[in-house]
Amino acid sequence: MRFRKFVLGLVTATFLTSGCKEKNNAEVVKTENNTTTTDSAYYQEKYRPQYHFSPEANWMNDPNGLVFYKDTYHLFYQYYPDDTKWGPMHWGHATSKNLRDWEHKPVALAPDSLGYIFSGSAVVDQNNSSGFGSAENPPMVAMFTYHNAEMAEAGREDYQTQGIAYSLDDGDTWEKYEGNPVVPNVDQGIDFRDPKIFWHEASQKWILLLVAGDHAQIYNSTDLKKWDFLSDFGQKRGAHGGVWECPDLFPLKVDGGEEKWVLLISINPGAPNGGSGTQYFVGEFDGKTFTSQQKEDKWIDWGRDNYAGVTFNNMPQDDRVFLGWMSNWNYGEQTPTEKWRSAMTLPRKLELKKDDGYFLTNYPVDAITQNLSYENFAAEKPVQLENKDLNQAHIEFELPENPSDFRIALSNASKDSVYVGYSKTQNQFYIDRIASGETDFSEKFADRIMTAPAQFIKKGPTSISLFTDQSSIEFFVDGGATAMTAQVFPKSPYTILNIQTEDVVKNLKLAPVPSIWKNQSTD
Ligand code: FRU
């Protein structure tokens, strides 16, 4: 399935959108049908997310190379600059000072004779162990997968290898290493990719995580160029409905105390609600081997639109911030946007908690909610609010501990409704987007109600939080003990909020979330 995607990429048409480099208001663009339309103002197109990251134009998938350096967050991403569908992959680039506002940068890495540039990660080589920089100017080093489309076409199996590149100007421009590939593909099979590198303080080594079909591999290095294989993990562990992709491994302290290691693995297909999803394992890492006692499958987000998520390297104060691609390979190339395709999830802070077992919470970083102006509503049941801008909003409220069933409906004048709720008998949350707006672009988009087993942090009231942004809903219970992310394409903005429940809805507040996008130039 994925293999088909990559091969198709070889023959991707390049006749689509033009005018993507122009940033004038009312620019003229050619659409997919080669008709001419008048584009609206910068980042004002239909369905354009207003406070999520999306590329100015064309196709984006996984976040790559997430790293914090010199007060700047770097987001690289899988990018095809010539089409709104997947094609020969580049690394797009954007930076942020606060994880809320983003500045577009020129493309960082483009395909070369070794192949397309697939997913990977980036580090700051503070001691210049790679020798690419100097003590005064340490290099940033990125590691990525080379996907060689010609070799794949020719029927070879060793077409995915790992390469590195470095930047001596704080991520603005990148030079590929002439000794690439640094990890060749020797009998690793056709799915050998998505390097995550990080510095491991205890062993004083660079660690590399890779995925090879149905398992992860761990390597280490002293110079980021020569890598030694150490161990593997996962052949018979966790979910295996599809190939393993986009690994990440990092330590987290349970409520600030005991330290555990968390391994993230994306799989496609095989997610609990169909298609793409990201599972995790909590365990131990001793510098060589990852082990986990975890029995059940755990998922970072139960919605259908959070995939290939990984975390930032080099963060201050051990913070762990995660970003995912807010789409699903089941229909990601068909979503009804014209000029660009897909967005990232909100950046989410990860925390590790313990009850019967260990579990992760994930919740948008403070920068997203910091300066919002909330309107507060008195306790009532049921709730019915009209004429509100619910298309770009943060909605929060509380229910008692052990809540009864509830159903939140966001609706509009076009009679579209998306439902987010909880069924006590099934003890599960759900998002029902079957009548949420445009859904007929793919049979797989609205073919089911997505569900998540309920997990409550049983200390006082249950907190409910919803972020909507033109074409997405991110739903969090108890600060992200459960998270569900779903795209929606309402025919007109949602303006009516209805909350049905036997309980009293307390502390209901609603804030419009302002747009982060203004005209900017990458020149
Ligand atoms: C995940 C993924 C990665 C790969 C990239 C290609 O969505 O399939 O495994 O590196 O996308 O764009």
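Residues numbered from 1 in each chain as written. Predicted model: local features only at pLDDT ≥ 70, side-chain atom pairs only at ≥ 80, totals over all residues. Heavy atoms only, no water.

*Asks:* Explain the sheet that holds strand β25 (residues 375–377) here, please?
*Replies:* Through backbone hydrogen bonds, the strands of a sheet pair up, either in parallel or in antiparallel fashion. With antiparallel pairing, the six strands of this open sheet are ordered in space as β25-β36-β27-β32-β33-β34. Each edge of the open sheet is held by one strand with a lone partner, namely β25 and β34 (482–487). For this sheet the average axis-to-axis angle between neighbouring strands, irrespective of direction, equals 15 degrees. Bridge count between strand β27 (residues 392–399) and strand β32 (residues 462–469): eight bridges; the pairing is antiparallel. Across the sheet, the residue bridging to Ile395 is Leu466, located in β32. (Pairing = 2+ DSSP bridges. Helix = DSSP H or I, 4+ residues; strand = E, 2+ residues; numbered from the N terminus. Axes fitted to C-alpha atoms, helices over the stretch in contact; angles between N-to-C directions.)

*Asks:* Just to check I follow, could you spell out the environment of Glu103 for this structure?
*Replies:* Here Glu103 shows up in strand β6 (residues 103–109). When the C-alpha atoms of Glu103 and Thr311 are compared, they prove to be 19 Å apart, with 208 residues separating the residues in sequence. In contact with Glu103, other than residues within four places in its own chain, are His93, Ala94, Thr95 and Gln520. (Contact = heavy atoms within 4.5 Å.)

*Asks:* Sorry, what's going on with the layout of surface pockets here?
*Replies:* To find leftover empty space, one rolls a probe the size of a water molecule over the atoms. Its boundaries defined by the atoms lining it, the largest pocket holds a volume of some 890 Å³. For the largest pocket, the lining is made up of 34 residues, of which Trp199, Pro251, Met315, Asp318 and Arg320 are closest to its centre. Those elements giving two or more residues to the lining of the largest pocket turn out to be β7 (116–124), β11 (192–200), β15 (243–253), β16 (259–268) and β23 (348–354). For the lining of the largest pocket, a count of residues per class yields 15 nonpolar, eight polar and eleven charged. (1 Å grid on protein atoms, 1.4 Å probe; cavity = no way out; pocket = protein on both sides within 12 Å on 5 of 7 lines; lining within 4 Å. Points joined across faces, edges and corners; volume = space filled by probe spheres on them. Nonpolar A, V, L, I, M, F, W, Y, C, P; charged D, E, K, R; others polar.)

*Asks:* Would you mind showing me how to read the pairing of strand β31 (residues 450–453) here?
*Replies:* Look at any regular strand and the pattern is simple: side chains alternate between the two faces of the sheet. Where burial is concerned, the two faces of β31 differ: the one with Met450 and Ala452 is buried and the one with Thr451 and Pro453 is not. Bridging between strand β30 (residues 428–432) and β31 involves four bridges; their strand directions are antiparallel. Directly across from Tyr430, in β31, lies its bridge partner Thr451. (Buried < 20%, exposed > 50% of the residue type's maximum accessible area, 1.4 Å probe, protein only.)

*Asks:* Would you take a moment to explain the environment of Lys97 for this structure?
*Replies:* Tracing the backbone shows Lys97 in the loop between β5 (90–96) and β6. As for Lys97 and Tyr159, which are separated by 62 residues in sequence, their C-alpha atoms are 37 Å apart. In contact with Lys97, other than residues within four places in its own chain, are Lys70, Asp71, Thr72 and Tyr73. At 2.8 Å, the side chain of Lys97 forms a polar contact with the side chain of Thr72. (Polar contact = N/O pair within 3.5 Å; in protein donor to acceptor, adjacent residues only side chain to side chain.)

*Asks:* Just checking my understanding: could you explain the domain arrangement of the protein chain for this structure?
*Replies:* Put simply, an interface is often sized by how much accessible area is lost when its parts join up. Under the domain assignment, the protein chain is made up of domain 1 (13–364) and domain 2 (369–520). In this structure, domain 1 and domain 2 have C-alpha centres spaced 28 Å apart. Across the boundary between the two partners, domain 1 contributes 46 residues, which contact 47 residues of domain 2. Among the residues domain 1 hides against domain 2, the three largest losses belong to Tyr47, Tyr51 and Tyr363. Together they make up 19% of the total. (Domains from an automatic or database assignment. Buried area = accessible area lost by both parts, 1.4 Å probe.)

*Asks:* Help me understand the pattern of salt bridges in this model?
*Replies:* For side chains of opposite charge, pairing can occur when their charged atoms come near one another. Counting across every chain of the model gives 26 salt bridges. A salt bridge links Arg156 to Asp158; the nearest nitrogen and oxygen atoms lie 2.8 Å apart. When its relative accessible area of 24% is taken as the criterion, Asp158 is described as partly exposed. Here Glu375 makes a salt bridge to Lys388, at a shortest N to O gap of 3.1 Å. Of this pair, Glu375 sits in strand β25 while Lys388 sits in the loop between β26 (383–385) and β27; the two residues are 13 residues apart in sequence, bridging distant segments of the chain. Among the residues examined, Glu375 registers a relative accessible area of 37% and is labelled partly exposed. Within this structure, Asp191, Arg193, Asp194 and Glu245 form a network of salt bridges that share partners. (Salt bridge = Lys/Arg side-chain N within 4 Å of Asp/Glu carboxyl O.)

*Asks:* Help me understand the packing of aromatic side chains, please; the structure alone is not making it clear to me.
*Replies:* Both the distance between ring centres and the angle between the ring planes are used here to describe each pair of aromatic rings. Enumeration according to the criterion identifies 41 aromatic pairs in this entry. Both rings, one in Phe68 and one in Tyr73, keep their centres 4.4 Å apart while their planes meet at 45 degrees; by these two values the pair is tilted. In this structure Tyr73 comes out as buried when scored by relative accessible area, which is 11%. Ring centres 4.8 Å apart and planes at 50 degrees place the aromatic pair Trp325 and Trp329 in the tilted group. Judged by its relative accessible area of 0%, Trp325 is buried. Exposure remark for Trp329: the relative accessible area of 9% places this residue in the buried category. Through a chain of ring-to-ring contacts, three or more aromatic side chains come together here, namely Tyr42, Tyr43, Phe53, Tyr77, Tyr79, Trp102 and Trp517. Its end group placed over the ring of Tyr43, Arg48 keeps NZ or CZ at 3.9 Å from the ring centre. (Phe/Tyr/Trp six-rings, centres within 6.5 Å; stacked < 30°, edge-to-face > 60°. Lys NZ or Arg CZ within 6 Å of the ring centre and 35° of its normal.)

*Asks:* Just checking my understanding: could you explain the sheet that holds strand β13 (residues 215–221) for this structure?
*Replies:* Spatially, β11-β12-β13-β14 is the arrangement adopted by the four strands of the open sheet, whose pairing is antiparallel. Whereas interior strands pair on both sides, the edge strands pair on one side only; in this sheet they are β11 and β14 (228–233). Within this sheet the neighbouring strands show an average axis-to-axis angle of 25 degrees, counted without direction. Two strands pair when backbone bridges link them, and β13 and β14 are joined in this way by five bridges, in the antiparallel orientation. Its bridge partner being in β14, Ile218 is matched across the sheet by Ser231.

*Asks:* How should I be thinking about unusual backbone geometry in this particular structure?
*Replies:* The general pattern is negative phi for most residues beyond glycine and trans for most peptide bonds. Residue Pro181 is bonded to the preceding Asn180 through a cis peptide linkage, with omega at -5 degrees. Structurally, the position occupied by Pro181 is in the loop between β10 (175–176) and β11. With an omega dihedral of -5 degrees, the bond running from Asn268 to Pro269 counts as a cis peptide bond. Relative to the assigned elements, Pro269 resides in the loop between β16 and β17 (277–285). One non-glycine residue, Gln317, adopts positive backbone phi at about 50 degrees. Here Gln317 is to be found in the loop between β20 (307–311) and β21 (321–325). Judged by its relative accessible area of 69%, Gln317 is exposed. Look at Asn507: it is not a glycine, yet its phi comes out positive at around 50 degrees.

*Asks:* Would you explain the pairing of strand β4 (residues 72–80) in this entry?
*Replies:* Burial analysis of β4 places nine of its nine residues in the buried class, the great majority of the element. Residue alternation in β4 divides its side chains into two sets, Thr72, His74, Phe76, Gln78 and Tyr80 and Tyr73, Leu75, Tyr77 and Tyr79, and both sets are buried. Strand direction decides the pairing type here: strand β3 (residues 58–69) and β4, joined by seven bridges, are antiparallel. Bridge pairing in β4 places Met60 opposite Tyr79. Linking β3 to β4, which pair antiparallel, is a turn of two residues; within it Lys70 sits at a positive phi near 50 degrees. With seven bridges joining them, β4 and β5 adopt antiparallel strand pairing. Residue pairing for β5: Gln78 is matched across the bridge by Trp91.

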